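Structural description and commentary
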Amino acid sequence: MSVEVEKEMLNAIFAARDEGYADFTAKLIPIVPRESITGVRTPQLRRIAKRFGKNAEIDEFLSALPHEYHEQNLVHAYIAENIGDFDSAVKTIEAFLPYVTNWAVCDSMTPRIFAKHTGELLPIIKKWLQSAHPYTVRFGLRMLMCFYLEKEFASEINALAASVCSGEYYVNMMQAWYFATALAKQYDSTVPFVEECRLSPWVHNKTIQKAVESFRITAEQKAHLKTLRLNLRRKGARREPVSTSKSDSIESKRIEVAAAIIEKMVKFSSVGVRKTKPVR
């Protein structure tokens with residue numbers, strides 16, 4: 001992308017900046033330096049992505065990594081998810097993933113072209129799940145959740161998601177989100193993963209928590225899931241079912257609430273873009 005076009009994009013981003021919203025965003029993604037957050041809302045960023053995504057020199061922007069501003073990363077994500085050729089979309093996303101450093105950017109990419117190439121995509125997802133980069137793994141899990149829990153569902157999908165073993169909070173949260181969604185969409189095939197304790201203890205309990213909060217799971221199913229909670233507080237009783245559960249750390253809860261706010265904002269500002277409705 002020429003210097004003039006890149007400058008024009010930055011001008012568009014800065015023209016839409018909101019310092020109050022930037023402060024709010026910084027609290028949701030504390031890993032991102034505040035000075036790199038301009039505070040532009042999702043609808044405006046999507047319009048910028050649509051405008052510049054058609055530029056003949058856009059590949060130069062997509063190759064100019066890392067970007068300086070958080071909003072440039074979001075524009076990059078929105079452009080990438082709208083690429084209409086499968087191979088080009090994969091190539092662009094794989095080049096970008098190593099530079100993704102937070103969940104907000106990671107979860108902003110839901111390439112519509114992937115829905116037409118699930119057979120070709122699955123081996124690529126398997127590679128992503130083996131990555132040492134946490135947001136590449138998170139993205140892979142999210143793609144399983146977005147594209148493989150309905151007509152493309154097969155028993156190997158849950159096993160593939162369960163094979164991820166990570167000490168990263170944002171990977172584990174996505175794994176729990178995946179299984180809570182799988183319980184809502186493929187309950188009979190998924191509940192054995194909980195009954196047989198095939199997930200890590202933290203992911204196990206978080207899956208149950210998110211599933212119990214979902215309106216798509218029946219009261220009977222919720223009652224059963226509650227009996228499967230693990231007692232993680234008593235030494236030597238990590239797999240003992242308990243009937244009650246306290247919230248996780250204040251930090252964990254804060255991030256969940258913040259994520260829910262952002263997810264709703266994205267949902268209502270992205271009419272026509274395929275989204276997987278998060279389990280509550």
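Residues numbered from 1 in each chain as written. Predicted model: local features only at pLDDT ≥ 70, side-chain atom pairs only at ≥ 80, totals over all residues. Heavy atoms only, no water.

Remarks on the packing of helix H9 (residues 134-147) against helix H11 (residues 169-185)
- H11 packs onto H9 with a crossing angle of 5 degrees between their chain directions and a minimal axis gap of 9 Å. The angle between H9 and H11 places the two elements in the roughly parallel class. Where H9 approaches H11, its residues Pro134, Tyr135, Val137, Arg138, Leu141, Arg142, Leu144 and Met145 are matched on the opposing element by Tyr170, Val171, Met173, Met174, Gln175, Trp177, Tyr178 and Thr181.
- Looking at the contact of H9 with H11 residue by residue, the classes come out as 12 nonpolar, 2 polar and 2 charged. (Axes fitted to C-alpha atoms, helices over the stretch in contact; angles between N-to-C directions. Helix = DSSP H or I, 4+ residues; strand = E, 2+ residues; numbered from the N terminus. Parallel < 35°, antiparallel > 145°, perpendicular 65-115°, else oblique. Contact = heavy atoms within 4.5 Å. Nonpolar A, V, L, I, M, F, W, Y, C, P; charged D, E, K, R; others polar.)

Section: the side chain of Gln72
- You can see Gln72 is positioned in helix H5 (residues 70-81).
- Classification of Gln72 as buried rests on a relative accessible area of 4%.
- At 3.1 Å, the side chain of Gln72 forms a polar contact with the backbone nitrogen of Glu68.
- Setting aside residues up to four positions removed in sequence, Gln72 forms contacts with Glu6, Leu10, Ile13, Phe61 and His67. (Buried < 20%, exposed > 50% of the residue type's maximum accessible area, 1.4 Å probe, protein only. Polar contact = N/O pair within 3.5 Å; in protein donor to acceptor, adjacent residues only side chain to side chain.)

Digging into the confidence of the model for the chain
- Averaged over every residue, the pLDDT of the chain is 87; the share at 70 or more is 82%.
- Confidence over residues 265-280 falls short of pLDDT 50; this stretch has 44 contacts with residues more than four positions distant or in other chains. (pLDDT = per-residue confidence, 0-100.)

So, the packing of helix H6 (residues 86-96) against helix H8 (residues 118-129)
- With their axes 12 Å apart at the nearest point, H6 and H8 run at an angle of 10 degrees to one another. In terms of their interaxial angle, H6 and H8 are classed as roughly parallel. Residues Phe86, Val90 and Glu94 of H6 form the contact with H8, whose own contacting residues are Glu120, Leu121, Ile124, Lys127 and Trp128.

Remarks on the pattern of salt bridges
- In total, this model carries 11 salt bridges according to the counting rule given.
- Here Arg138 and Asp107 are joined by a salt bridge, their closest N and O atoms 2.6 Å apart. Placement of Arg138 in helix H9 and of Asp107 in the loop between helix H7 (103-106) and H8 is noted, with a sequence separation of 31 residues between them.
- Taking relative accessible area as the criterion, Arg138 reaches 5% and is therefore assigned buried.
- You can call Asp107 buried: its relative accessible area is 12%. (Salt bridge = Lys/Arg side-chain N within 4 Å of Asp/Glu carboxyl O.)

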